[in-house]
Amino acid sequence: MTAPESPAPPHPAPAPARRLALLALPAIAVGVACALILLGVSLLAEQLQDVLWESLPDALGVGRFSSLWMVAMLTATGLAVGLALRAVPGHGGPDPATTGLVDAPMRPGVVPGLLLVTTLALAGGVSLGPENPITAANIALAFWLGRRFAPGAPGEVWVALAAAGTIGALFGTPVAAALILSEVLATQPGPGAFWDRLFAPLAAGTAGALTMSLIAEPSFDLSLPAYAGPHWGDLLSALLIASVGALLGLLAVYAFPVAHRVFAALRHPVLALTAGGLVLGLLGALGGHLTLFKGLDEVKTIAGDPDGWSAGEFAGMAIVKMAALVTAAACGFRGGRIFPAVFAGVSLGLCAHALADAVPPSLAVSCAVLGVLLAVTRQGWVSLFTAAVLVSDASVLPLLCAATLPAWLLVTGRAQMQLDADGKSLR
């Protein structure tokens with residue numbers, strides 16, 4: 001007697017096309033607004049950076065990136081950010097060590113102060129990117145406006161639209177937003193097919209990416225020598241380099257709560273940020289001016305001359321950048337961790353190429369970035385996407401997918417670079 005066939009699993013009911021179409025217009029509006037806010041903060045920070053790192057030291061007769069100026073400027077930046085956080089409403093939101101890339105919306109009154117301290121940190125040379133605070137600001141504004149003008153829409157819709165619009169603008173492509181949100185949506189039960197739930201965020205991400213691309217033309221391609229194609233030796237190199245990158249990222253992850261406790265012991269945000277700025281200045285003097293700032297422009301400089309530094313110098317830059325990332329994120333600066341982690345990964349990859357010239361620089365860089373990002377962000381898709389887009393060569397994808405496996409085994413289940421309210425690492 002044969003067992004009865006089990007019924008097929010029910011498919012989620014598709015959302016009505018009309019409802020999805022109605023979401024398209026607000027999604028596009030949110031995406032455009034998110035890109036403009038990101039662009040405005042970035043341009044303002046660049047203008048202020050020119051004043052702080054070019055006009056001012058030239059007027060004072062001090063070297064633009066002398067050790068003295070780096071220490072003085074980063075210390076002053078920490079003091080300025082600390083005083084601003086003390087004065088602005090909401091004090092810039094929760095402790096950044098406890099926040100991720102996409103979090104619950106904060107009060108809209110916090111946003112102006114958050115954008116101010118983010119601009120100061122970006123201009124002052126702090127080793128953090130804009131992604132976390134800009135995403136938090138855009139989520140807060142979209143949620144507040146959405147609840148006012150469309151109170152019947154679920155609140156999580158506005159969170160998803162703002163997150164997608166911001167991420168699409170940051171990377172210049174909606175694919176990054178779709179990949180990040182796919183990991184978020186996979187852990188959140190909800191009605192409708194997966195692509196129904198992704199429809200409006202994808203529209204927002206597309207609008208944000210197109211707005212940024214048409215105005216600023218962002219590019220992540222490092223213009224490294226083209227990869228000639230996979231070989232058996234390349235497979236071993238990919239597995240090894242990605243694993244070393246993951247270990248470097250894990251060192252930073254485990255140092256993070258320790259550094260946070262050290263700065264928290266100062267018991268005052270102004271003191272903690274000033275001390276953090278001093279440490280960042282000393283690290284900049286140690287690693288050179290290329291290890292300052294968020295790292296996106298600086299990484300193109302080192303990638304433009306893969307043979308311009310020794311293996312030891314590349315390794316030093318990678319270690320200094322990771323130490324600067326831990327310091328900046330632990331002492332209270334508002335900022336994201338993706339871009340500095342990319343710089344550390346590129347430096348590590350170029351170190352591997354310098355040690356073994358037979359390892360193609362494109363392969364070494366992409367695998368090292370993959371490993372570091374997996375440890376720091378714990379987001380597989382965005383790590384794989386970022387590593388691939390840096391070299392703009394589809395032939396490295398099979399090796400990157402293979403390299404993901406041992407790197408993920410090293411990081412999964414371990415501490416994350418995010419703390420809970422008690423200062424303990426999330427897992």
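Here, the structure is the one placed above.
This structure is a prediction, so every number in the text was calculated from the model and none was measured.

J.: Before we go on, may I ask you to explain the state of the cysteines in this structure?
T.: All chains considered together, the criterion is met by 0 disulfides. Cysteine Cys 401 is unpaired, with the sulfur of Cys 367 as its nearest cysteine sulfur at 10 Å.

J.: Got a minute to help me understand a nonpolar patch on the surface in this structure?
T.: A cluster of nonpolar side chains, contributed by Leu 36, Leu 210, Leu 214 and Ile 215, occupies part of the molecular surface with about 430 Å² of accessible area. Within the secondary structure, Ile 215 sits in helix α7 (residues 194-216).

J.: How do you make sense of the pattern of salt bridges when you look at a structure like this?
T.: Two side chains carrying opposite charge are able to pair once their charged atoms lie near each other. For the coordinates displayed, the defined rule picks out 1 salt bridge. In this structure, the salt-bridge partner of Asp 58 is Arg 64, at a minimum N-O distance of 2.7 Å. Overall, Asp 58 belongs to the partly exposed group, its relative accessible area being 43%. A residue is classified by how much of its surface remains accessible, and Arg 64, at 37% relative accessible area, is partly exposed.

J.: Just to check I follow, could you spell out a negative patch on the surface for this structure?
T.: A cluster of acidic residues, Glu 46, Asp 50, Glu 54 and Asp 297, forms a negative patch on the protein surface. Looking at the negative patch, the element that brings in the most residues is helix α1 (residues 17-60), giving 3 residues. With respect to the helices and strands, Asp 50 occurs in helix α1.

J.: So what exactly am I meant to see when it comes to unusual backbone geometry here?
T.: Trans peptide bonds make up most of the peptide bonds, and negative phi angles are found at most residues other than glycine. In this model, Ser 223 sits at a positive phi of 55°, which is unusual for a non-glycine residue. With respect to the helices and strands, Ser 223 occurs in the loop between α7 and α8 (232-264). Positive phi, normally seen in glycine, also occurs at Arg 267, with a value near 65°. Among the secondary structure elements, Arg 267 is positioned in the loop between α8 and α9 (269-287).

J.: Would you mind showing me how to read the packing of aromatic side chains here?
T.: Enumeration according to the criterion identifies 5 aromatic pairs in this entry. Cluster of aromatic residues (ring-pair linked, three or more members): Trp 53, Phe 65 and Phe 293. Over the face of the ring belonging to Phe 339 we find Lys 294, whose NZ or CZ atom lies 5.8 Å from the ring centre. Taking NZ or CZ as reference, Lys 321 lies 5.2 Å from the ring centre of Phe 343, over its face.

J.: Sorry, what's going on with empty space enclosed by the protein here?
T.: Regions of empty space are outlined by a rolling probe, equal in size to a water molecule, passed over the atoms. All told, the structure shown has 1 cavity of 30 Å³ or more when counted by the stated rule. Counted as a void, the largest cavity has a volume near 40 Å³. Gly 125, Ser 127, Leu 280, Leu 283, Gly 284, Thr 291, Leu 292, Val 320 and Ala 324 together form the lining of the largest cavity. The dominant element in the lining of the largest cavity, judged by the number of residues it contributes, is α9, at 3 residues. Among the residues forming the lining of the largest cavity, the class breakdown is 5 nonpolar, 4 polar and no charged.

About the criteria used
Residues numbered from 1 in each chain as written. Predicted model: local features only at pLDDT ≥ 70, side-chain atom pairs only at ≥ 80, totals over all residues. Heavy atoms only, no water. Disulfide = S-S within 2.5 Å. Patch = residues over 30% accessible without salt bridge, like charges linked within 9 Å, V, L, I, M, F, W, Y side chains within 5 Å. Areas by Shrake-Rupley, 256 points an atom, 1.4 Å probe, with all protein chains shown as cover. Salt bridge = Lys/Arg side-chain N within 4 Å of Asp/Glu carboxyl O. Helix = DSSP H or I, 4+ residues; strand = E, 2+ residues; numbered from the N terminus. Buried < 20%, exposed > 50% of the residue type's maximum accessible area, 1.4 Å probe, protein only. Lys, Arg positive; Asp, Glu negative; His and termini not counted. Charge placed at Lys NZ, Arg CZ, Asp CG, Glu CD. Phe/Tyr/Trp six-rings, centres within 6.5 Å; stacked < 30°, edge-to-face > 60°. Lys NZ or Arg CZ within 6 Å of the ring centre and 35° of its normal. 1 Å grid on protein atoms, 1.4 Å probe; cavity = no way out; pocket = protein on both sides within 12 Å on 5 of 7 lines; lining within 4 Å. Points joined across faces, edges and corners; volume = space filled by probe spheres on them. Nonpolar A, V, L, I, M, F, W, Y, C, P; charged D, E, K, R; others polar.

Function cannot be inferred from these measures alone, as they are strictly geometric.
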